[in-house]
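# Topology and contacts: notes
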Amino acid sequence: PPGCQVLESDLGLELARGRDAYLALFSSIARLNSSPILEVAGLRAGALACEYEYGFDSLLVRWSAPLTPSSRGLSSRLGVSTLSGLSRYYIGTDGRFSRHALQRLQINGRPLPSSTLGALLYEYRR
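Residues numbered from 1 in each chain as written. Predicted model: local features only at pLDDT ≥ 70, side-chain atom pairs only at ≥ 80, totals over all residues. Heavy atoms only, no water.

### Observations concerning the overall build of the protein
The secondary structure content of the protein amounts to three helices and eight strands. The secondary structure elements of the protein, listed N-terminal to C-terminal, are β-β-α-α-β-β-β-β-β-β-α. In the protein, buried positions account for 30% of the 126 residues. Counted over contacts in the protein with a minimum sequence separation of 6, partners at least 24 positions apart contribute 45%. Only carbon and sulfur atoms are counted for the fraction: they give 57% of the accessible area of the protein, which is about 8,000 Å². (Helix = DSSP H or I, 4+ residues; strand = E, 2+ residues; numbered from the N terminus. Buried < 20%, exposed > 50% of the residue type's maximum accessible area, 1.4 Å probe, protein only. Contact = heavy atoms within 4.5 Å. Areas by Shrake-Rupley, 256 points an atom, 1.4 Å probe, with all protein chains shown as cover.)

Written out as structure tokens, the structure is:
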């Protein structure tokens, strides 16, 4: 979101700092989802489903998205999986989002450290 200054993994590692870096990271995710690289693996992320919980100094978003295998590629024999997690947006004293912390990333209920996802995105963007 506009004004978000820091994106942090579920292990507390900084993945992006500043609005431009934050937006570039999520833009990379969108490009990766439509990349020919995923045609080889045969996976596509579907639409996000979200639930919101508002707090005094943060907004908690519980989200999930289906990962659907294509009829070809390495994943053609896999079933649909679900990527899920929590995003906590912290609100600064100026009323704007100051930090976005990823938490509890999972595939089909099994933990997936977001630092691994962040490292893959960093390599993809290089």
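### Here's the deal with the pattern of salt bridges
One pass over the structure, following the stated rule, counts three salt bridges. Two residues, Glu14 and Arg17, come together in a salt bridge whose shortest N-O distance is 2.9 Å. You can call Glu14 partly exposed: its relative accessible area is 45%. In this structure, Arg62 engages Glu53 in a salt bridge whose closest nitrogen and oxygen atoms are separated by 3.1 Å. Among the residues examined, Glu53 registers a relative accessible area of 42% and is labelled partly exposed. (Salt bridge = Lys/Arg side-chain N within 4 Å of Asp/Glu carboxyl O.)

### Some details on the side chain of Ser84
Within the secondary structure, Ser84 sits in strand β6 (residues 81–91). The exposure class of Ser84 is buried, given its relative accessible area of 18%. Among residues more than four places away in sequence, those in contact with Ser84 are Trp63, Ser64, Arg104, Leu105 and Gln106.

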